[in-house]
Amino acid sequence: MWKELAPVLAMAVLMMVPIVKMFLSHQQKMAELVHRVNQQPSMPEQDQLRQELRDLKTLVHQQSITLDNLTSKLENSSEPKIEQRLGGVV
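In this text, all values refer to a predicted model and were calculated from it rather than measured experimentally. (Residues numbered from 1 in each chain as written. Predicted model: local features only at pLDDT ≥ 70, side-chain atom pairs only at ≥ 80, totals over all residues. Heavy atoms only, no water.)

Moving on, we get to the overall build of the protein. For the protein, the count of helices and strands is three helices and zero strands. In the protein, the succession of α and β elements from N to C terminus is α-α-α. Taking 12 Å as the expected radius of gyration for a compact globule of 90 residues, we find that the protein reaches 35 Å, considerably beyond that expectation. Over its C-alpha atoms, taken along the principal directions, the protein stretches across nearly 105 × 40 × 20 Å. Across the 90 residues in the protein, those meeting the buried criterion constitute 0%. (Helix = DSSP H or I, 4+ residues; strand = E, 2+ residues; numbered from the N terminus. Rg over C-alpha atoms; globule rule 2.2 N^0.38 Å. Buried < 20%, exposed > 50% of the residue type's maximum accessible area, 1.4 Å probe, protein only.)

Following this line, the structure appears as structure tokens:
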């Protein structure tokens, strides 16, 4: 029985060698790529975009607070609302 299986097993091993070699080569390239990306310093453009995003978030927060304060002032105001001033036309 082993004599009949020996050529089949030999062919299977021979076919597996290139597949394993390709797999290991791919793994090595991917590891090098990941390592290279992690080693790259951040680009000045990325830092500038990050700063602009932080500035924009700060501005949005400030405007939200201002809008909230204005809304609460209008609600507490003794002035008649626009609907009342126009005589219910709106």
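Here the narrative resumes.
In this section: the pattern of salt bridges. Counted under the stated rule, the structure contains one salt bridge. A salt bridge links D47 to R50, with the nearest nitrogen and oxygen atoms 3.6 Å apart. Linking D47 with R50, this pair stays in helix α2 (residues 44-76), spanning three residues, or about one helical turn. (Salt bridge = Lys/Arg side-chain N within 4 Å of Asp/Glu carboxyl O.)

We now examine a nonpolar patch on the surface. Together, M16, I19, V20, M22, F23 and L24 line one region of the surface with nonpolar side chains, adding up to about 610 Å² of accessible area. Along the chain, F23 falls in helix α1 (residues 2-39). (Patch = residues over 30% accessible without salt bridge, like charges linked within 9 Å, V, L, I, M, F, W, Y side chains within 5 Å. Areas by Shrake-Rupley, 256 points an atom, 1.4 Å probe, with all protein chains shown as cover.)

Turning next to the environment of E83. Within the secondary structure, E83 is located in helix α3 (residues 82-85). For E83, a relative accessible area of 40% gives the class partly exposed.

Here M15 lies in helix α1. Between the C-alpha atoms of M15 and L56, which are 41 residues apart in sequence, the distance is 58 Å.

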